[in-house]
Each structure stands twice: as structure tokens, then as C-alpha cells.
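Overview (structure and organization)
These are the residues of each chain, in order.
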Amino acid sequence: MEKSSKYFCNDLKLQGFLRLMFPSSFIGIDKSDPRKVLFVFINSSELLEGVRGYFSGKEYLISPLNFGNHIDQGKDLIFGNIEF
């Protein structure tokens, strides 16, 4: 789901991980398709390495509470409960 200088994902857990690990890469959300919400990030080699690590099961040292909070914030972004 890569497009030029932006990286798009629709996976709620992946977006939580990416926003936690690469907070300055998060641009916002794209709701142009009413059936699907995309989380938009600045595409970089570091971000893509994080995506590969996430899907390959690489272990990271992160706070479970912060990870859960980022997932909840992603849901809030989808349903319009908060603005970015």
C-alpha cells in the first residue's frame, strides 16, 4: 500500500505501532473511500523497516499501555472523536 512519498495502511494495530515508533511520520487519515479509512504516513526507509519488522514478528521494547492508547486513538480518529 505504498504510494510515492506517502505510506498508507488500514491496519489498526499497525498504525498504532507506527504512530508509537515513528510519531513525526504520521500525517493524518484519508476517508475519501467511505468503505475504508487509511492512515497516512511519510514514507521513509526507517518507516518501511518498521513495517517489515512488525510483520516479521521482530521484538520491540515498547510500553503495552502506550501501544493500547495509540490503537484507541486510531479508533477515535476513524470515528471522528478527535482531530489530528
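Before reading on, note that the structure itself is shown above.
Another point: the overall build of the protein chain. The helix and strand tally for the protein chain stands at three helices and four strands. Along its sequence from the N terminus, the protein chain presents helices and strands in the succession β-β-α-β-β-α-α. Against the compact-globule benchmark of 12 Å for 84 residues, the protein chain has a radius of gyration of 12 Å, which places it among compact chains. In terms of overall dimensions, the protein chain has a C-alpha envelope of 35 × 30 × 20 Å along the principal axes. Residue pairs in contact within the protein chain that sit at least 24 positions apart in sequence constitute 64% of those at least 6 positions apart. Split by element, the accessible area of the protein chain, about 5500 Å² in all, is 54% carbon and sulfur. Counting 10 positive and 10 negative side-chain charges, the protein chain places the averaged centre of each group 4 Å from the other.

This brings us to the packing of aromatic side chains. Counted by the stated rule, this structure contains four aromatic pairs. Ring centres 5.1 Å apart and planes at 85 degrees place the aromatic pair Y54 and F55 in the edge-to-face group. Note on Y54: relative accessible area 25%, which makes it partly exposed. Judged by its relative accessible area of 55%, F55 is exposed. Through a chain of ring-to-ring contacts, the aromatic side chains of F17, Y54, F55 and Y60 assemble into a single cluster. Residue placement shows R19 over the ring face of F26; its charged tip is 5.3 Å from the ring centre.

Before going further, it helps to examine the packing of helix α1 (residues 12-21) against helix α2 (residues 45-56). With their axes 11 Å apart at the nearest point, α1 and α2 run at an angle of 130 degrees to one another. With respect to each other, α1 and α2 are oriented oblique. You can see that α1 and α2 cross each other, and the crossing is right-handed. For the pair formed by α1 and α2, the contact residues are K13, L14, F17 and L18 on the first element and L47, G50, V51, Y54 and F55 on the second. Residues belonging to the contact of α1 with α2 are distributed by class as follows: seven nonpolar, one polar and one charged.

Thresholds, definitions, all that
- Residues numbered from 1 in each chain as written.
- Predicted model: local features only at pLDDT ≥ 70, side-chain atom pairs only at ≥ 80, totals over all residues.
- Heavy atoms only, no water.
- Helix = DSSP H or I, 4+ residues; strand = E, 2+ residues; numbered from the N terminus.
- Rg over C-alpha atoms; globule rule 2.2 N^0.38 Å.
- Contact = heavy atoms within 4.5 Å.
- Areas by Shrake-Rupley, 256 points an atom, 1.4 Å probe, with all protein chains shown as cover.
- Lys, Arg positive; Asp, Glu negative; His and termini not counted.
- Charge placed at Lys NZ, Arg CZ, Asp CG, Glu CD.
- Phe/Tyr/Trp six-rings, centres within 6.5 Å; stacked < 30°, edge-to-face > 60°.
- Buried < 20%, exposed > 50% of the residue type's maximum accessible area, 1.4 Å probe, protein only.
- Lys NZ or Arg CZ within 6 Å of the ring centre and 35° of its normal.
- Axes fitted to C-alpha atoms, helices over the stretch in contact; angles between N-to-C directions.
- Parallel < 35°, antiparallel > 145°, perpendicular 65-115°, else oblique.
- Left-handed = near helix turned anticlockwise from the far one by under 90°.
- Nonpolar A, V, L, I, M, F, W, Y, C, P; charged D, E, K, R; others polar.

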